[in-house]
Amino acid sequence: MKILCFAHLSEQLGASSMELELGPISVADFMAELKNRYPALLLDHVMIAVNEQFVEQTHVIEPNDTVALLPPVSGG
Amino acid sequence: MSNSLFVITDQPIVPEEVSDKVKRREAGAITLFLGTVRELTYGKRTLYLEYEVYPTMAVAQLERIGREVRERWADTVVAVTHRVGRLEISDIAVVIAVSSPHRKAAYEANEYVIERIKQIVPIWKKEHGEDGSEWIGDQLNQQAYPEGRPMALDIPKEDER
């Protein structure tokens, strides 16, 4: 799956996107996996969008989905 | 500028081009909101801001806000242009135009749009100040900028108008 990172997350990761061989996997398990692989990422309050839609923790992410890690937004 | 009602751009925004998109014969009111870059926030000086965006999702979320507005205030038309990239003090970051037959709906809907933008549109600002830079919206700044993260409770509901 394709992972997109924004704001402080892309700076911490050193990249705005990456590919991971994952899924099908629930959002909750995906977040746990991400914390495991990238302990330095600050994921508190980060929202998940799958294919540009906000999803719940129980949503299942498919291998070909695009997953965006969205820190609390601050537009306007 | 794009003819679409909901636009993300890295160019300066011309407010009248946004209000022209909602102008129509049925309208008796157009409210125009300009969000501008503030120099001082609680005494802290901002030198400039940098906005980052998830472009396709941001446009989709703005369209969703437009649908929410029409559900709450019938017969309104909304147009929003948000600028991203580097913005200097007093630059216009966002322009929201709402037209409606009568002014009350145009005022209320316009405020609703900016509150929702701050909740659900994937745009982030990085504040560059005299002491360095930081992303706004992190845990630290939720406390330092309480008004920047409105809670859902602050949004007027249909039955409270």
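Right, let's walk through the structure included here. Here the structure is a predicted model, which is why all the values come from computation and not from measurement.

Here is what the cut-offs are and how they apply
Residues numbered from 1 in each chain as written. Chains lettered and ligands numbered in written order. Predicted model: local features only at pLDDT ≥ 70, side-chain atom pairs only at ≥ 80, totals over all residues. Heavy atoms only, no water. Helix = DSSP H or I, 4+ residues; strand = E, 2+ residues; numbered from the N terminus. Buried < 20%, exposed > 50% of the residue type's maximum accessible area, 1.4 Å probe, protein only. Contact = heavy atoms within 4.5 Å. Areas by Shrake-Rupley, 256 points an atom, 1.4 Å probe, with all protein chains shown as cover. Salt bridge = Lys/Arg side-chain N within 4 Å of Asp/Glu carboxyl O. Pairing = 2+ DSSP bridges. Axes fitted to C-alpha atoms, helices over the stretch in contact; angles between N-to-C directions. Buried area = accessible area lost by both parts, 1.4 Å probe. Polar contact = N/O pair within 3.5 Å; in protein donor to acceptor, adjacent residues only side chain to side chain. Nonpolar A, V, L, I, M, F, W, Y, C, P; charged D, E, K, R; others polar. Core = buried A, V, L, I, M, F, W, Y, C linked by side-chain atoms within 4.5 Å.

### Description of the overall build of chain B
- The helix and strand tally for chain B stands at 4 helices and 9 strands.
- Reading chain B from its N end, one meets helices and strands in the order β-α-β-β-β-α-β-β-β-α-β-β-α.
- Counting over 161 residues, chain B shows a buried share of 47%.
- Looking at chain B alone, contacts between residues at least 24 apart form 75% of all its contacts between residues at least 6 apart.
- In the form shown here, chain B has an accessible surface area of approximately 8400 Å², with 50% of it arising from carbon and sulfur atoms.

### Quick notes on the pattern of salt bridges
All names here are of chain A.
- All chains considered together, the criterion is met by 13 salt bridges over all chains.
- Arginine 37 is paired through a salt bridge with glutamate 33; the nearest N and O atoms lie 2.7 Å apart. One end of the pair is arginine 37 and the other is glutamate 33, both in helix H2 (residues 27–37) and 4 residues apart, which spans about a single turn.
- Accessibility expressed as a relative area gives 37% for arginine 37, which makes it partly exposed.

### Concerning the sheet that holds strand E5 (residues 77–83) of chain B
Residues and elements named next belong to chain B.
- With respect to topology, 4 strands assemble into an open sheet ordered E1-E5-E7-E2, the strand pairing being mixed. Only two strands of the sheet have a single neighbouring strand rather than two, namely strand E1 (6–9) and strand E2 (29–36). When the angles between neighbouring strand axes are averaged without regard to direction, this sheet yields 10°.
- Note: E5 against strand E7 (residues 92–100), 6 bridges, orientation antiparallel. From the neighbouring strand, histidine 82 faces E7, where its bridge partner is valine 94.
- Along the sheet, helix H3 (residues 103–120) makes contact with E2, E5 and E7, crossing E7 at roughly 145°.

### Some details on the environment of B:Glu17
- Position of B:Glu17 relative to the elements: it lies in helix H1 (residues 15–22).
- Distance in space between the C-alpha atoms of B:Glu17 and B:Val95 is 9.8 Å, their sequence separation being 78 residues.

### Quick notes on the sheet that holds strand E4 (residues 47–50) of chain A
Residues and elements named next belong to chain A.
- Within the open sheet, the 5 strands sit side by side as E2-E1-E7-E4-E5. Their pairing is mixed. One side of each edge strand has no neighbouring strand; the edge strands of this open sheet are strand E2 (17–19) and strand E5 (53–54).
- Relative to E2, strand E1 (residues 2–5) is paired through 3 bridges, and the arrangement is antiparallel. Looking at E2, one finds that isoleucine 3 is bridged to methionine 18.

### Remarks on the interface of chain A and chain B
- Counting from both sides, the interface comprises 20 residues of chain A and, opposite them, 27 residues of chain B.
- Both faces considered, chain A and chain B share a buried interface measuring about 1900 Å² in area, 57% of it formed by carbon and sulfur atoms.
- Ranking the residues of chain A by area buried against chain B places A:Glu52, A:Val73 and A:Gly76 at the top, with a combined share of 33%.
- Linking chain A with chain B are 1 salt bridge, by the criterion used here.
- Between A:Glu11 and B:Lys126 there is a salt bridge, with its nearest N and O atoms 2.6 Å apart.
- Run the count over chain A and chain B and you get 14 residue pairs in polar contact (both at pLDDT 80 or more).
- Secondary structure elements with two or more residues in the side of chain A that touches chain B: E1, helix H1 (8–13) and strand E7 (66–70) of chain A.
- Each residue belonging to the side of chain A that touches chain B can be placed in one class, and the counts come to 11 nonpolar, 7 polar and 2 charged.

### Brief notes about the nonpolar core
- In terms of nonpolar packing, the biggest core is built from 30 residues, with B:Val80 and B:Ile117 touching the most fellow members.
- Mapped onto this core, the elements with two or more residues apiece are E1, strand E4 (44–53), helix H2 (55–72), E5, E7 and H3 of chain B.
- With 8 residues, H3(B) is the single largest residue contributor to this core.
- The residues contacting B:Ile117, other than those within four sequence positions of it, are A:Val73, A:Gly75, A:Gly76, B:Leu62, B:Ile65, B:Val80, B:His82, B:Val94 and B:Ile96.
- Residues A:Leu22, A:Ile25, A:Val27 and A:Ile61 belong to the second largest nonpolar core, which totals 20 residues.

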